[in-house]
Amino acid sequence: MTGRPRWRLARRPVVGPRQQVQALALALVGAALVSALLLRVANADPVAGFVALYQGSFGSWPVAVESLVKAIPLILTGLGTTVAFRGRVWNIGQEGQLYAGAITAYWAYVTFPSLPRLPLILLILTFAMVGGALWGLVAGIIRVKAHVDEIITTIMLNYIVVYILSLLLSGVWRDPTSYYQQSPTVGASAQFPALIDGTRLHIGFAVGLIAAIAIYVLIEKTPLGYEIRALGLNPTAAGFQGIHVARTVLVLMLVSGSLAGLAGAGELFGNHYRLKAGISLGFGYTGIIIAMLAGLEPLAIVPAAIFFGGLVNGSYMLQIATGVPAALVSAIQAITLLFLLGGRAAVSYQIRIVRDG
Amino acid sequence: MGESLLQAAVVINVLATMVRTSTPLLFGAIGEVVTERSGVMNMGLEGTMLTAAFVGFLVAERSHSLLLAVVTACLAGGLFSLILAFMAITLDVDQIITGLAMNLLASGGTLFWFRIAYTQTTSQETPLVALLKPWPIPLLSEIPYLGPILFSHNALTYLAFLLVPVIWFGLYRTKRGLQIRSLGEDPRAAAKRIAEDILQMRGLQFSEPRVETDLYEPKRFPGQMHYDVWFLVDARVPAGTKVDLPSWYAELTWHDPRDLPAAEWARGHEDVAARWLHARNESAQGG
């Protein structure tokens, strides 16, 4: 009976970069196959569909720039998620913090509309960060003081801020000439300047890149980042090590919220030029998905967000060229993430051949 | 007089609407209670509802059978949750993230499917299905005020309210319910806490919890059977690590339960706790 080989599944002690790449490849192939299947279901040629998706996202200079524009809020909310999740603070409230940032930024604008352009934009960015941060802090304080799960509070705060926005837009900030619930267009001096002349790519993209580097440095190179990582690995042990857990949680919510707030200001002053409920298309929730896609690595957020922005942008070309509904792209995004999550779980195991002794 | 009658009608209408619109919330909340009690946070509830609603609509629109639609909607919701369960439980992927991804999948997937299924939709030819008919309960619906508020709804509303005591009974009065609730209590964290905080034994590695059940006759209550659900967590010392045993640890006597008659070792939990505390106190006094 000796020497009969058996298969055994065992958890890998270390999941290295090679396994991560394997997981990514596995996820992309899997997602592409399922997407091709969905394209076939929609009576379209899968190859033509993928070509249209590429042409509509990165196939030419103008559409590529537009993909980057779509990526801006996703970079910022993705970073906000990353910083919170690395410390195991489950901030699902990016959506609400985005609106809170947009509200306070708009408030700064209507209070000081006649400032020169540079100080006005700096003021708007600052207020956006403060607004998002304060809205995040609310959930942080409830968690620290009353030990209420921040998942629940941040989700509920998302609803509250949308109703506050609706209240403001049906009252003081309403554009009287419009049928819709929205503010008047903001003045030219408050509109974010273009990063590249003649395109819609506004300075929010630069803000996003700077934020990505700043969050990378914060998490990897600073004492606070060490505390965040320690908190994420083991909150109990972090407490024993003398890390002030409650304070770190509050700081995380502040940083995370301020990043989401910046995303709100970017959409308001860089994209729509007015305050309305439609400034976010679920960017807060998509940010969480992007953060997971990027494996909670700040620098990987940027390509992940651009990938998602490109998919959204390419979906229009997909619909025009092949008649496949643009909604397919949401499904593709979700399938990519699910495959990646499943792939990461799969590569953390290895098959060992065991021989009976 | 006429005005107060009108006001009463409005109030009754509002209250009846509240009961009716609480139906989906109630179904969702009951489902979430069961999963949360088992320790799984189902963030994909929204997507599950959306998918089930869409499948139900498709079936109703094609087959004109609402019963078939409701049944397939339930099946669709169950299948959708099964994907979530496979990810979150079998593959051990984060539950929140999986749920959010499933929500995105549902919102995109249903819209995609809808556009495929109904390509040439104009406002005139919007696909419609029949609504569930209200089903007033004989006699009860005749009660003034209460009748129209509580007893003049469709079958699903009654079902949602009836499910509340049913699920309560299931969770609190059945073997399976006890197992579900105990699962949600995170036995591994509890074992870790006891080992590290109370026994002061650090460096142990803990296995995944497993469930074992047993039926026995307690010594103190002859003739009565006692039912226990245990969550066993094995701890082992990783190679190269030294774990300091508490000084009183050796004084505890352990019996292999398999060598003893059932009535000998199967005592109440308080007996075990008392014996353990006694041993600890003695060791504290001795040292």
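Residues numbered from 1 in each chain as written. Chains lettered and ligands numbered in written order. Predicted model: local features only at pLDDT ≥ 70, side-chain atom pairs only at ≥ 80, totals over all residues.

**Q** Give a description of the environment of A:Pro46 that names residues and reports values.
**A** All names here are of chain A. Relative to the helices and strands, Pro46 resides in helix 2 (residues 46-57). Taking the C-alpha atoms as reference points, Pro46 and Ala32, separated by 14 residues in sequence, lie 9.5 Å from one another. Leave out the neighbours within four places in its chain, and Pro46 touches Ala36, Leu39 and Arg40. (Helix = DSSP H or I, 4+ residues; strand = E, 2+ residues; numbered from the N terminus. Contact = placed C-beta atoms within 7 Å.)

**Q** Explain unusual backbone geometry residue by residue, including any values.
**A** Residues and elements named next belong to chain A. One non-glycine residue, Asn43, lies in the positive phi region at around 60 degrees. Inspection of the secondary structure puts Asn43 in the loop between helix 1 (17-41) and helix 2. A positive phi angle, near 55 degrees, is found at His147, a position not held by glycine.

**Q** I'd love a proper account of the nonpolar core, names of residues and values included.
**A** Ranked by internal contacts, the top residues of the largest apolar core, which has 125 residues, are A:Ala102, A:Ala105 and A:Ile124. Setting aside residues up to four positions removed in sequence, A:Ala102 forms contacts with A:Ala128, A:Gly264, A:Ala265, A:Glu267, A:Leu268, A:Leu275 and A:Ile279. One finds B:Ala52, B:Val59, B:Ala60 and B:Ala73 within the second-largest nonpolar core, a separate group that totals 7 residues. (Core = buried A, V, L, I, M, F, W, Y, C linked by C-beta atoms within 7 Å. Buried ≥ 20, exposed ≤ 12 C-beta atoms within 10 Å, placed from the backbone.)

**Q** So what about the packing of helix 11 (residues 283-293) of chain A against helix 12 (residues 298-322) of chain A? Which residues, and what values?
**A** Residues and elements named next belong to chain A. Where helix 11 meets helix 12, the axes come as close as 9 Å, and the angle between the chain directions of the two elements is 125 degrees. Classified by the angle their axes make, helix 11 and helix 12 are oblique. In the packing of helix 11 onto helix 12, the handedness of the crossing is right-handed. Listed contacts from helix 12 to Thr286, Ile290, Ala291 and Leu293 of helix 11 are Ile301, Ala304, Ala305 and Phe308. Split into classes, the residues belonging to the contact of helix 11 with helix 12 amount to 7 nonpolar, 1 polar and no charged. (Axes fitted to C-alpha atoms, helices over the stretch in contact; angles between N-to-C directions. Parallel < 35°, antiparallel > 145°, perpendicular 65-115°, else oblique. Left-handed = near helix turned anticlockwise from the far one by under 90°. Nonpolar A, V, L, I, M, F, W, Y, C, P; charged D, E, K, R; others polar.)

**Q** Please set out helix 11 of chain A residue by residue, giving values where relevant.
**A** Residues separated by three or four positions in an α-helix point in the same direction, a consequence of the helix having 3.6 residues per turn. Most of helix 11 of chain A is tucked away: 11 of the 11 residues are buried. A:Phe283, A:Gly284, A:Tyr285, A:Thr286, A:Gly287, A:Ile288, A:Ile289, A:Ile290, A:Ala291, A:Met292 and A:Leu293 are the residues of helix 11 of chain A that are buried. Residues of helix 11 of chain A that are buried in the fold lie against helix 3 (61-86), helix 4 (94-111), helix 10 (245-272), helix 12 and helix 13 (328-347) of chain A together with helix 4 (95-117) of chain B. A:Gly295 sits one or two positions beyond helix 11 of chain A and adopts a positive phi of about 60 degrees.

**Q** Describe in detail the interface of chain B and chain A, supporting the description with residues and values.
**A** Note: interface size is frequently given as the accessible area lost on complex formation between the parts. With 18 residues of chain B in contact, the opposing surface of chain A contributes 22 residues. The element best represented in the side of chain B that touches chain A is helix 4 of chain B, accounting for 14 residues.

**Q** Just give me the short version of the environment of A:Ile210, but keep the residues and values in it.
**A** All names here are of chain A. Note on placement: Ile210 falls in helix 7 (residues 204-221). A residue is classified by how many C-beta atoms lie within 10 Å of it, and Ile210, with 10 of them, is exposed. Taking the C-alpha atoms as reference points, Ile210 and Leu252, 42 residues apart in sequence, are found 18 Å from one another.

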